[in-house]
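# Observations on chain architecture
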Amino acid sequence: DENDPDVFAEEKLIEMNLKNEFSHPIGGNSKLIKSFTLTQAKSFYKKWYRANRMIFSLVAGKSYPIVSKEIKSLFVKTKNSRPQLPFRYNLKNKFQTINHYNKIFKKKIQTPQLMLALSSPSLNSDERANLILIDQVLNDGLNSLFFMATRENEALSYGISTSINSFFDKGHYLISLTTAASQIDRSVDVILDTIFNKLPVYLTQEIIENEKRKLYDSWDLNFDDADERLEYILNCELYSRLNNNMNQIEDLISKTTVADLIKFINKMKKFGLSKVIVMPQESKR
């Protein structure tokens, strides 16, 4: 993974942007893994891997009562015992600035990798609905603003990707692309200009309503997939259905207006930018 410039840049931004929440990447870094002991592993297992922290997400049709009975028999010791309520995360409704980080790394790669991060709402924030719609307009399909700006208008990059990363009390919105070393600064300018100048002018209520319909259609299609449905049910349980319930998100999105999105864009701009550039060792900007 550390040889993949995109993964490397993302891990660095997660580690630094969200310093208090993630002091190291989810899988651990080399230093931590080497120092990890059997005693620590047992302690972690004993603390967290308990029956009352487990949530079973089940889609079983007619066989549901049988499977449900088998599960209960494993976790309820006597007839008079009642299953304990599962562990729930106590999420926060926040949208605040990330810990900004700007760094250039040199690695044995062929093409420079640019990754930008803007502040985004926490997992339980109502304002996530704004970013979901904004991301649709910026980077969904060949008519998206990012595609037109970086591919069609200036040929800065073959492809651009985005992701919304929301966590307990904050998050970040990642924008990643490969480009020529000589085009890095121009690429940053174009991306920021697209978000903070072109997007507010481009947005209309008609465009927003079209993006809403596209979102609803894609969610309906995904919900027909058994794995997607299981993951959805599990997340609703784990987070107490706080802003992870599909109906709740759709309800929030349905009320979103152009004014809401422009206010959100200005807020993101005020919170600032993080940037990681991974350069070929012999290249100069």
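Located above this text is the structure these notes cover.
Attention here is on the structure that accompanies the text. (Residues numbered from 1 in each chain as written. Predicted model: local features only at pLDDT ≥ 70, side-chain atom pairs only at ≥ 80, totals over all residues. Heavy atoms only, no water.)

## Remarks on the sheet that holds strand β3 (residues 160-166)
Strand order in this open sheet of five strands is β1-β5-β2-β4-β3, and the pairing throughout is mixed. The open sheet has two edge strands, β1 (102-107) and β3, and neither has a second partner. For this sheet, the mean angle separating the axes of adjacent strands, direction not counted, is 15 degrees. Bridge count for strand β2 (residues 113-120) against strand β4 (residues 171-178) is eight bridges, and the pairing is antiparallel. From the neighbouring strand, Ser 119 faces β4, where its bridge partner is His 172. (Pairing = 2+ DSSP bridges. Helix = DSSP H or I, 4+ residues; strand = E, 2+ residues; numbered from the N terminus. Axes fitted to C-alpha atoms, helices over the stretch in contact; angles between N-to-C directions.)

## Comments concerning the packing of aromatic side chains
Centre distance and the angle of the planes are the two values used to describe a pair of aromatic rings. The tally for this structure, following the rule as stated, stands at six aromatic pairs. Taken together, the ring pairs connect Phe 44, Tyr 45, Trp 48 and Tyr 49 into an aromatic cluster. The ring of Phe 8 has Lys 107 sitting right over it, with the charged end atom 4.5 Å from the ring centre. (Phe/Tyr/Trp six-rings, centres within 6.5 Å; stacked < 30°, edge-to-face > 60°. Lys NZ or Arg CZ within 6 Å of the ring centre and 35° of its normal.)

## Considering unusual backbone geometry
Look at Ala 155: it is not a glycine, yet its phi comes out positive at around 50 degrees. Tracing the sequence through the fold places Ala 155 in the loop between α6 (145-153) and β3.

## Quick look at the pattern of salt bridges
Taken as a whole and assessed by the stated rule, the structure comprises six salt bridges. Notably, a salt bridge pairs Glu 127 with Lys 267, separated by 3.2 Å at the nearest N-O pair. Residue Glu 127 is found in the loop between β2 and α5 (128-139), and its partner Lys 267 is found in helix α11 (residues 258-271); the two are separated by 140 residues along the sequence. Relative accessible area serves as the criterion here: at 23%, Glu 127 is assigned to the partly exposed category. Classification of Lys 267 by relative accessible area gives partly exposed; the value is 26%. The salt bridge involving Asp 193 is made with Lys 198; its shortest N-O contact spans 2.4 Å. Residue class for Lys 198 comes out partly exposed when judged on its relative accessible area of 45%. Residues joined by salt bridges that share partners form a network here, namely Asp 140, Glu 211 and Lys 214. (Salt bridge = Lys/Arg side-chain N within 4 Å of Asp/Glu carboxyl O. Buried < 20%, exposed > 50% of the residue type's maximum accessible area, 1.4 Å probe, protein only.)

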